[in-house]
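Structural features, examined
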Amino acid sequence: QLRHYCDPASLKFDSTDDLEPLEGTVGQDRGVSAVKFGFDIKTCGFNMFVSGPTGTGRNSTVKAFVAEQARTEAVPNDLCYVHNFKDPDSPNAIILPAGMGCSLVKDMDDLVEHAKREIPQAFESENYETRKNEMLNSVQQERSQALTELQKRAEQMGFAIEMTSIGIATIPLDQHGKPLSREDFEKLPDSRKADLEEGSRKLQESIQQVLTRARRLEKEAAENISKLDREVGLFAIGHLLDELRRKYADYPEVVTYMQQVQDNMMDNLDDFKLAERPKAAIPGLEGLIPEPSFDRYKVNLMVDNEHQQGAPVVTENNPTYYNLIGRVDFKARLGALTTDFTMIKAGALHRANGGYLILQAMDVLTNLMSWDALKRTLRSGQVRMENIAEHYGLIPTSTLKPEPIPVDVKVVIIGNPFIYHILYAFDEDFRKLFKVKADFDTEMPRTHEHVEKYAQFIAGRIKEDKLMPFDKSGVAKIIEYGSRLIQDKEKLSTRFIEIADIVSESSYWAKCDGNSRVMAEDVQKAIDEKIYRSNLIEQKIQQLIEQGVIMIDTEGALVGQVNALSVYSIGDYMFGRPSRITARTYI
């Protein structure tokens, strides 16, 4: 009455070679229904917590369902970061359809290579040199003419002008047209001195007007040359930029970015015109001389979905803060840490955007700030990269603040019931964000259908792990073991991890005994050996009883005393220990 034997004759096969491996989940109708509901509903906040003991098929069921669900859904967009020319510390995010991110990366690389090749050639052309020289010669001629007129006027006023390093000096002349020395000037009458000083003052005003005019001409010339340079630069690469604007015309953020790239290239044409790197005055210090960098024109393709089939499914086994929300890397250069937008790395939430993210509850909760970062992302609907040091550092540090990226992701957390109840009771955000609970049970009814599924599960483990085939007597013994695990003859255990372990151990002992199939005796030996590896404490207590150290009365009767059995659990093994229960009463 206590034990339900499984008759091998009731099984409709000779060995597991006659069976197909099990597909799907057995005995978890409640959990499977909840999982299906959680994946089908798309309302915000209906993320899923899969609850149940280890080994009940939680992970395999979730992965099977999510793989099937994701296969039929649309491929999400590519995620890119580009340089923000207005605020370099805040890189801009660009979201493009799957495959176009890779195309944008190649287009920008080709644009830069073309600019590095074509712009220097354009500025070396005879036409450019001719037009530039015309502008410079025109300014030089006007300047020379103004100086000539100034020189004539000075002569008429009895002065000579001399160009010095600090400006133009006026020198008075004598009657013979020779410069007056300081001594000769002092010998002149006061009226003559006054006339010369007045003439010098007027001449200085004329000189100042000429200099102002010359500076204006030089400024106009510089502006005209700058316009000429932009014209030549646009002639060299403008057609490529126009092609890119037409190609990405449906994506305004890309069109805006292309205009910013064009403006920045035109403002930094000298970087492209630099023929060769300047040499250091001291050999060996070439690395200290900054050279033009074109990294600002690169595209950081953070998430590439070009070859993605369906929605992404990401299982993050190490959900640290940075592994979840992404990070900004640094590199050491000359003793300092530097970074830029090309060193922004995607996190699991970026890779799972538009799809599904599977996490283990204990892993998320035991990693610093991971749980808070996950909740913050789900609440706001966007991933915001932040340096964890900013939360705990006493001194603010300067780093990049990438533009947040909108996310649409279904998060599935797998954990035991205790964690679920703790979070539900003490974390208000948990109730709002994880509204679907999928409970996985440890037992199922011992029906004929479930017995067949058990046998198919054994066949699947044999095929997957390349084990020896099981005779139907061995399968029957495994089924009995499944009822023994759950301590109910009318039910079977759904902790298939323990069933899989005993299948592997039975195959080992059958191989050691030289059997071609795993028989019931091999399964029983595996069970006995498993017990033997764990029952050291039970054997010690039994020895103490046999030696009389622990005394147990097994005959007679005493008032207020009964014998009882205490069940001890030591991890994976449970055993009984005799105990005495006494009762006392008094007035």
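Each remark here, short or long, concerns the structure printed above.
Residues numbered from 1 in each chain as written. Predicted model: local features only at pLDDT ≥ 70, side-chain atom pairs only at ≥ 80, totals over all residues. Heavy atoms only, no water.

1. A look at the pairing of strand β1 (residues 48-51)
Both faces of β1 are covered, namely the face carrying M48 and V50 and the face carrying F49 and S51. Of the strand pairs in this sheet, β1 and strand β15 (residues 410-415) are connected by four bridges, and their pairing is parallel. Residue pairing for β15: F49 is matched across the bridge by I413. Where β1 meets strand β16 (residues 436-439), four bridges bridge the pair, whose relative direction is parallel. Each residue of the ladder has a partner; that of F49, found in β16, is K437. (Buried < 20%, exposed > 50% of the residue type's maximum accessible area, 1.4 Å probe, protein only. Helix = DSSP H or I, 4+ residues; strand = E, 2+ residues; numbered from the N terminus. Pairing = 2+ DSSP bridges.)

2. A word on the packing of helix α17 (residues 472-486) against helix α19 (residues 520-532)
Where α17 meets α19, the closest approach of the two axes is 7 Å, and the angle between their N-to-C directions is 35°. Within the contact between the two elements, α17 uses S473, G474, K477, I478 and Y481 and α19 uses A520, V523, Q524, I527 and K530. The residue makeup of the contact of α17 with α19, split by class, is five nonpolar, three polar and two charged. (Axes fitted to C-alpha atoms, helices over the stretch in contact; angles between N-to-C directions. Contact = heavy atoms within 4.5 Å. Nonpolar A, V, L, I, M, F, W, Y, C, P; charged D, E, K, R; others polar.)

3. Some thoughts on the side chain of E316
Along the chain, E316 falls in the loop between β7 (313-315) and α9 (321-325). For E316, a relative accessible area of 10% translates into the label buried. At a separation of 3.3 Å, a polar atom in the side chain of E316 contacts the side chain of R351. Setting aside chain neighbours within four positions, we find E316 in contact with N323, A348, R351, L357, I358 and L359. (Polar contact = N/O pair within 3.5 Å; in protein donor to acceptor, adjacent residues only side chain to side chain.)

4. Observations regarding helix α14 (residues 417-426)
Taken as a whole, α14 has its buried residues at I419, Y420 and L423. Seen from one end, α14 has its buried residues packed into an arc of 100°, which puts them on one side. Looking at α14, the residues exposed on the side facing more than 90 degrees away from the buried face are F418 and F426. Among the structural elements, β1, α11 (361-366), α12 (370-380), α15 (428-433) and β16 are those in contact with the buried residues of α14. At the N-terminal boundary of α14, the capping side chain belongs to N416, with an oxygen 3.1 Å from the backbone nitrogen of F418. (Arc of directions from axis to C-beta.)

5. What about the packing of helix α18 (residues 496-512) against α19?
Put simply, α18 and α19 touch, their axes get as near as 8 Å, and they point 110° apart. One finds that α18 runs roughly perpendicular with respect to α19. Classified by chirality, the crossing of α19 by α18 is right-handed. Counting all contacts with α18, which are made through I502, E505, S506, W509 and A510, the residues of α19 involved are D522, V523, K525, A526, I527, E529 and K530. (Parallel < 35°, antiparallel > 145°, perpendicular 65-115°, else oblique. Left-handed = near helix turned anticlockwise from the far one by under 90°.)

6. Some points on unusual backbone geometry
Phi angles above zero are rare outside glycine, and K466 is one such case at about 55°. With respect to the element layout, K466 can be found in the loop between α16 (448-465) and α17.

7. Notes on the pairing of strand β2 (residues 78-82)
Burial runs high along β2: five of the five residues are buried. Residues D78, C80 and V82 line one face of β2 and the alternating positions L79 and Y81 line the opposite face, and both faces are buried. Relative to strand β3 (residues 92-96), β2 runs antiparallel, the two sharing five bridges. Pairing of L79 across the sheet is with I95, part of β3. With four bridges connecting them, β2 and strand β6 (residues 299-303) associate as antiparallel partners. Considered in β6, the bridge of L79 is made with V303.

8. A short note on the pattern of salt bridges
Applying the stated criterion to the full structure yields 27 salt bridges. Salt-bridge contacts for E118 lead to R117; the nearest nitrogen and oxygen are separated by 3.5 Å. Taking the relative accessible area as the measure of exposure, E118 reaches 23% and is therefore partly exposed. Ionic pairing is found between R461 and D465, a salt bridge with its closest N-O pair at 2.9 Å. One end of the pair, R461, and the other, D465, are both in helix α16, four residues apart, so they sit about a helical turn from each other. Overall, the relative accessible area of 22% leaves R461 in the partly exposed class. On the basis of relative accessibility, which here comes to 32%, the residue D465 falls in the partly exposed class. Shared partners join several salt bridges into a network, and the residues in it are K375, R379, D427 and D429. (Salt bridge = Lys/Arg side-chain N within 4 Å of Asp/Glu carboxyl O.)

9. As for the sheet that holds β3
Pairing is antiparallel in the open sheet, where three strands are placed in the order β3-β2-β6. Every interior strand has two partners, whereas the edge strands, β3 and β6, have only one. Direction aside, neighbouring strands of the sheet carry axes that sit 30° apart on average. Taken strand by strand, helix α3 (residues 100-123) contacts β2, β3 and β6, and its axis lies near 160° from that of β6. Helix α7 (residues 252-267) contacts β2, β3 and β6 of the sheet and is inclined by roughly 130° relative to β3.

10. What about the sheet that holds strand β12 (residues 356-360)?
Spatially, β7-β12-β15-β1-β16 is the arrangement adopted by the five strands of the open sheet, whose pairing is parallel. Whereas interior strands pair on both sides, the edge strands pair on one side only; in this sheet they are β7 and β16. Neighbouring strand axes in the sheet, compared pairwise and without regard to direction, differ in orientation by 20° on average. Of the pairings in the sheet, the one linking β7 to β12 comprises three bridges and is parallel in character. Within the sheet, the bridge partner assigned to V314 lies in β12 and is L357. Where helix α1 (residues 29-40) meets the sheet, its contacts fall on β1, β12, β15 and β16, and the angle it forms with β16 comes to roughly 155°. Across the sheet, helix α2 (residues 58-71) touches β1, β7, β12 and β15, and the angle it forms with β12 is around 170°.

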